[in-house]
Amino acid sequence: MARKPKPKTTAPGDVSLPPGVLAALGQDPVKKEKEGRRFKSEGAVAVVRRVLAAALRPGPDSIRRVLAAQFYPWKVGATILAAGVVASQIAAISTTHALATAIATGAGTWAALRLLRTVAARRHQATRLASEWAEVDPAHARVCAGAAGVWLIAIILIQPASFAAWWWSGLIGLLALLALGSRFWAHHRVPRAIPAPEDQAAAAPPPPGEHPIARKWRTRIGQSGGCLPGSRLSDITAQPYGVHGRLHLVGGRQSIHSARNAISLIATALGVSEADVLIEPVEPTEDNPKPDSAILDIKIVTTGQISQPVPLEAGRLVIDGDEVRIRMGRYADGDGDALYKMYTTDSMWSGFVAGSTGSGKSGLIDALALGAWEHGATIVIYLDPKNGGSSPRIFDRAHWAIPNDPPTWDALLAGLIELVEARGLENSARLKTSGFAPSRERPGVLVIVDECHAVINAQNAYLWGRVAREGRAAGVALIMASQIYSLDSFGGDDAVRANVTAGNTIALRVSRNQSSMIADIALDPSVLPKIPGVALSAEGRDVAFRAAWAPHEVTAALMDAALQRAVTELDPIAAGALDAGSGGLYSRRHEIAAQQIADAEERLRSYEAGRAPAARPAGAPQIALANQGVAPSIEIPEIDPDLLTDRDLGLGILAAATRDPHEELLARWSGPARAVLSALIEGGTLRRGQIEERVMGAEQCSRATVSRALDDLAEAGVIQALPGRRGWQLAA
């Protein structure tokens, strides 16, 4: 039996329908028939377009997009390989081409690292991952760039001409790629599941009672494709500044450092600024003396407290027994004040303030000077290369204000060394102590050195380091301020930077290359908002604070009120030592100030009259301004003869008008260093073994101590080593 054919079904638009039906559907039967007979070439074009779109613009859930970080080192390696092929062909032309290509490769490697730190590199799709890696692990990024540069230069110099040479060169490059890329791949692990698109994640219903901040964290940060996958928030409570909660990290894979490194991404996910995300360890309590390091405190500031000015008011000190600290300003969450450590038991501490132009550095230094005067037993000496322009309020009120006059800077430094040595002698001979406790009868000396990069150089760095190191127990401290944190601000001497920043390090907004040098501060000062006075401190909490500030007239009034209760003169021994070391400039500072003001008026009158001012005579007083409200200079007292012994550390200059040059040299040193100088003065040229034998016998010290004394003297340019290890002698 033959099978009956199935009836043919037709679509509403099929031309087999009757013309009347097609007309009722709004279609032209004649046109539809012509279209049915036409060849449809646009179908093939559409397929090609879809293929190209899939290759060039992958979707959000495509394997290429999900594994972009895993493919990235291979893309970089392929680019370097192509560059090596091109460079080898160029180098084969001539030796000149080879050298030029090698130099260009080295310069290009350096330039690539610099460009990766820019905002444009972060935004560009091709360099985004490399730019982020240069910020997350800059040391590894430099190693990778250096390895690529070395491989390219080797290819340029070798110029492989055979398949075997290229095979071995490529194998070495492949092994280097695998070795260096392992760290990158370990950081960018393959996600276990393809992250859902943003609209799907946002459409997911939240758990009952979930806080909006916790929801944002779960869907944007803690998800598998987020910056902290697996992390979560709990115990979120509303606070006056915003919200507070607990951040639970994934143990073994995340830490407080990785969380802080991701603050920029966390801020964008939560819709706040970077300075408003505060991540800190949980404070120990009696119930929980050792908190879990994977659980952190997190605060999100939503009230904009960091942008609210903090008024500079009286009462800057926080005193706890022997410890005295200065309140600098309020933390971003309003929970307490950032403190500057000035005094602790038996010590007076130095500090460093870094901040670019317009960051509020001068206002912060004003607050520190005000706190020192409120203490009542602290003398302030101010050195400003800008002739008082950095802070006219401190310049007009300091015990001794020194403008842009390098000879007076050197005189002050010599006086500070003499002061440190004098108080050290006083501690051992009279007070029988090894530290310093401030009092009105024996006040501390705070020396503020503004724009210190213009004051400290390679020639005087060692002496400034001595003041910072030995002054702690003698009641002499430094506050150095500069726009840069590099060794240029410390005369190229890392020991000076270490001693100055041992007590306090404050960083206002600085450039990105400067922030990478400030290792004492956990957070990045370059990302601070462009608000004057916002800063970070190495002491206290790892949270930004807003430095207190007041209009200039209010600040001046507060300083005047504090000076009415503050000590105005140094003790006799400190005054005598400072005057002796400075060559008499300290006791003449008022006279010199009056002469300077007269010279300035004469110079201005010359300009007004249209004539050139007269040159200053050779014997005219050096420029040095003093506090005009302080009483005239004091009489230098007589020094106790019992102190003028063979242990004299510098006060012997008051016992004799003239001195042998060797005695003057010995007066600047003590202990093993002085014994080394005595041995070289007596013996002329001595070998290291001879010096060690004499000094160890005289000072009862170790060989390592003698070696450090030799290094200190050589660094100061006092002694020099003869070539060929023939010994040591005094420097010419």
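Rules behind the numbers
- Residues numbered from 1 in each chain as written.
- Predicted model: local features only at pLDDT ≥ 70, side-chain atom pairs only at ≥ 80, totals over all residues.
- Heavy atoms only, no water.
- Helix = DSSP H or I, 4+ residues; strand = E, 2+ residues; numbered from the N terminus.
- pLDDT = per-residue confidence, 0-100.
- Contact = heavy atoms within 4.5 Å.
- Pairing = 2+ DSSP bridges.
- Axes fitted to C-alpha atoms, helices over the stretch in contact; angles between N-to-C directions.
- Salt bridge = Lys/Arg side-chain N within 4 Å of Asp/Glu carboxyl O.
- Buried < 20%, exposed > 50% of the residue type's maximum accessible area, 1.4 Å probe, protein only.
- Parallel < 35°, antiparallel > 145°, perpendicular 65-115°, else oblique.
- Left-handed = near helix turned anticlockwise from the far one by under 90°.
- Nonpolar A, V, L, I, M, F, W, Y, C, P; charged D, E, K, R; others polar.
- Patch = residues over 30% accessible without salt bridge, like charges linked within 9 Å, V, L, I, M, F, W, Y side chains within 5 Å.
- Areas by Shrake-Rupley, 256 points an atom, 1.4 Å probe, with all protein chains shown as cover.
- Phe/Tyr/Trp six-rings, centres within 6.5 Å; stacked < 30°, edge-to-face > 60°.
- Lys NZ or Arg CZ within 6 Å of the ring centre and 35° of its normal.
- Core = buried A, V, L, I, M, F, W, Y, C linked by side-chain atoms within 4.5 Å.
- Polar contact = N/O pair within 3.5 Å; in protein donor to acceptor, adjacent residues only side chain to side chain.

1. What about unusual backbone geometry?
Here is step 1 of the chain: One non-glycine residue with positive phi stands out, namely Asp346, at about 70 degrees.
Here is step 2 of the chain: Within the secondary structure, Asp346 is located in the loop between strand S8 (337–344) and strand S9 (347–348).

2. Quick word on the confidence of the model for the protein
Here is step 1 of the chain: Residues of the protein with pLDDT of at least 70 account for 80%, and the chain-wide mean is 79.
Here is step 2 of the chain: pLDDT under 50 marks residues 621–639. Its contacts with residues more than four places away, or in other chains, come to 59 contacts.
Here is step 3 of the chain: For residues 641–659, every residue scores under 50 in pLDDT, and the model assigns this stretch 33 contacts once sequence neighbours within four places are set aside.

3. Focus: the sheet that holds strand S2 (residues 242–248)
Here is step 1 of the chain: With antiparallel pairing, 4 strands are arranged side by side in an open sheet as S1-S2-S4-S3. On the outer flanks of this sheet lie strand S1 (232–239) and strand S3 (277–281), each paired with one strand and no other. Across the sheet, the axes of successive neighbouring strands diverge by a mean angle of 25 degrees, strand direction being ignored.
Here is step 2 of the chain: Where S2 and strand S4 (residues 295–301) come together, 7 bridges link them in antiparallel fashion. Within S4, the residue paired with His244 across the bridge is Lys299.

4. A closer look at the pattern of salt bridges
Here is step 1 of the chain: Taken as a whole and judged by the stated rule, the model has 22 salt bridges.
Here is step 2 of the chain: Taking the shortest distance from any N to any O, the salt bridge between Arg325 and Glu323 comes out at 2.8 Å.
Here is step 3 of the chain: Salt-bridge contacts for Arg605 lead to Glu602; the nearest nitrogen and oxygen are separated by 3.1 Å. Of the two residues, Arg605 and Glu602 are both situated in helix H23 (residues 589–609); the distance of 3 residues between them amounts to about one turn of the helix.
Here is step 4 of the chain: Since its relative accessible area comes to 43%, Arg605 is described here as partly exposed.
Here is step 5 of the chain: With a relative accessible area of 35%, Glu602 lands in the partly exposed category.
Here is step 6 of the chain: Three or more residues joined by partner-sharing salt bridges are found here, namely Glu280, Lys299, Asp333, Asp335 and Arg541.

5. So, the packing of helix H12 (residues 212–221) against helix H14 (residues 263–270)
Here is step 1 of the chain: The N-to-C vectors of H12 and H14 enclose an angle of 120 degrees; their axes lie 9 Å apart at closest approach. By the criterion of interaxial angle, the relationship of H12 to H14 is oblique. For the pair H12 and H14, the sense of crossing is right-handed. Where H12 approaches H14, its residues Ile213, Lys216, Trp217, Arg220 and Ile221 are matched on the opposing element by Ile266, Ala269 and Leu270.
Here is step 2 of the chain: Residue composition of the contact of H12 with H14, grouped by class: 6 nonpolar, no polar and 2 charged.

6. Overview of the environment of Tyr462
Here is step 1 of the chain: Structurally, Tyr462 can be placed in helix H18 (residues 461–470).
Here is step 2 of the chain: The sequence separation of Tyr462 and Glu715 amounts to 253 residues, and the corresponding C-alpha distance is 7.6 Å.
Here is step 3 of the chain: Other than its neighbours up to four places away in sequence, Tyr462 contacts Arg469, Asp493, Trp669, Asp712, Glu715 and Ala716.

7. So, a nonpolar patch on the surface
Here is step 1 of the chain: Side chains of Trp74, Leu174, Leu175 and Leu178 sit close together on the surface and give an oily, nonpolar patch of about 360 Å² of accessible area.
Here is step 2 of the chain: Residue contributions to the nonpolar patch peak at 3 residues, all from helix H10 (residues 163–187).
Here is step 3 of the chain: Checked against the element boundaries, Trp74 lands in helix H5 (residues 68–91).

8. Focus: the packing of aromatic side chains
Here is step 1 of the chain: Here the structure, examined in full by the defined rule, presents 4 aromatic pairs.
Here is step 2 of the chain: The ring of Trp349 has Lys341 sitting right over it, with the charged end atom 4.1 Å from the ring centre.
Here is step 3 of the chain: One Lys or Arg, Arg541, reaches over the ring of Tyr331 and ends 4.7 Å from the middle of that ring.

9. Focus: the pairing of S8
In the case of a regular strand, side chains alternate between the two sheet surfaces.
Here is step 1 of the chain: Most of S8 sits out of view: 6 of its 8 residues are buried.
Here is step 2 of the chain: In the sheet, strand S7 (residues 323–331) pairs with S8 via 6 bridges, with the strands oriented antiparallel. Within S8, the residue paired with Arg330 across the bridge is Asp337.
Here is step 3 of the chain: Between S7 and S8, which pair antiparallel and follow one another directly, the connecting turn spans 5 residues, one of which, Gly334, has a positive phi of 75 degrees.
Here is step 4 of the chain: Looking at chain direction, S8 and S9 are connected through 2 bridges and run antiparallel. Following the sheet pairing, Tyr343 is matched in S9 by Met348.
Here is step 5 of the chain: Linking two consecutive strands that pair antiparallel, namely S8 and S9, is a turn of 2 residues; a positive phi of about 70 degrees is found at Asp346 within it.

10. Quick look at the side chain of Gln254
Here is step 1 of the chain: Among the structural elements, Gln254 can be located in the loop between S2 and helix H13 (256–261).
Here is step 2 of the chain: In this structure Gln254 comes out as buried when scored by relative accessible area, which is 13%.
Here is step 3 of the chain: Among all residues touching Gln254, those that are not within four sequence positions of it are Leu228, Pro229, Ser231 and Leu249.

11. Section: the nonpolar core
Here is step 1 of the chain: Counting 99 residues, the largest nonpolar core has Ile394, Ile448, Trp464 and Met480 as the members making the most contacts within it.
Here is step 2 of the chain: In this structure Met480 touches Gly351, Phe352, Val353, Val449, Cys452, Ile456, Trp464, Phe490 and Val500, once residues within four positions along its chain are discounted.
Here is step 3 of the chain: Ranked by size, the runner-up nonpolar core spans 22 residues in total, among them Trp217, Ile263, Ile298 and Ile300.

12. Description of the environment of Ser264
Here is step 1 of the chain: Residue position: Ser264 is located in helix H14.
Here is step 2 of the chain: Overall, the relative accessible area of 23% leaves Ser264 in the partly exposed class.
Here is step 3 of the chain: Separated by 13 residues in the primary sequence, Ser264 and Val277 have C-alpha atoms spaced 8.9 Å apart.

13. Quick notes on the side chain of Thr505
Here is step 1 of the chain: The residue Thr505 is located in strand S15 (residues 505–508) in this model.
Here is step 2 of the chain: The buried category is assigned to Thr505, whose relative accessible area is 2%.
Here is step 3 of the chain: One polar contact links the side chain of Thr505 to the main-chain carbonyl oxygen of Thr501, over a distance of 3.3 Å.
Here is step 4 of the chain: With sequence-adjacent residues up to four places away left out, Thr505 is seen in contact with Phe352, Tyr485, Ile518, Asp520, Ile521, Leu536, Ser537 and Ala538.

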